[in-house]
Amino acid sequence: QVQLVESGGGLVQAGGSLRLSCAASVHTASSYVMAWFRQAPGKEREFVATISVNGGRIDYADSVKGRFTISRDNAKNTVYLQMNSLKPEDTAVYYCAATPYSRSTKAVGYGYWGQGTQVTVSS
């Protein structure tokens with residue numbers, strides 16, 4: 001079992017930055033593909049970014065390309081999401097997810113999820 005704990009959310013003005021962290025409970029998490037998803041009120045959970053086991057392959061949603069950066073530190077069993085130039089439409093609960101299988105942009109592809117961290121961007 002992999003337990004994921006997100007942190008780093010908060011309230012920020014448009015144009016600002018936040019860095020989210022996701023700590024995994026086991027060292028074997030370094031062998032898992034990791035991802036970030038988000039869910040705004042009244043909307044479906046949507047893909048944000050995913051990163052391969054060694055960090056060499058990364059995918060982003062078009063809506064965050066050029067503004068968000070996903071990274072991982074396997075020695076710390078942690079994945080990060082650096083969010084710059086934030087917009088009000090980025091407001092959502094952000095979830096960390098993990099899978100021992102292939103990278104996916106679909107939520108159904110991930111079997112392990114954190115509890116989420118709220119990000120609110122004011123205009």
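As the structure is a computational prediction, the values presented were derived from the model and not from experiment.

Draft legend 1. Spotlight on the sheet that holds strand β1 (residues 4–7). On the basis of which strands lie adjacent, the open sheet formed by 4 strands has the order β1-β3-β8-β7 and antiparallel pairing. With partners counted over all chains shown, the strands left at the sheet margins are β1 and β7 (68–73), one partner each. Across this sheet, the average inter-strand angle for adjacent strands is 15°, counted without regard to direction. Bridge analysis of β1 against strand β3 (residues 18–24) gives 4 bridges, and the strand direction is antiparallel. Across the sheet, residue E6 finds its bridge partner in β3, namely C22.

Draft legend 2. Structural context of the pairing of strand β4 (residues 33–39). In terms of residue burial, β4 counts as a mostly covered element, since 6 of its 7 residues are buried. One ladder, built from 7 bridges, connects β4 with strand β9 (residues 92–99); its direction is antiparallel. Counterpart to V33 in the pairing with β9 is T99. In terms of strand pairing, β4 meets strand β5 (residues 46–51) through 5 bridges, oriented antiparallel. When the bridges of β5 are listed, F37 appears paired with F47.

What counts, and where the lines are drawn
- Residues numbered from 1 in each chain as written.
- Predicted model: local features only at pLDDT ≥ 70, side-chain atom pairs only at ≥ 80, totals over all residues.
- Heavy atoms only, no water.
- Pairing = 2+ DSSP bridges.
- Helix = DSSP H or I, 4+ residues; strand = E, 2+ residues; numbered from the N terminus.
- Axes fitted to C-alpha atoms, helices over the stretch in contact; angles between N-to-C directions.
- Buried < 20%, exposed > 50% of the residue type's maximum accessible area, 1.4 Å probe, protein only.

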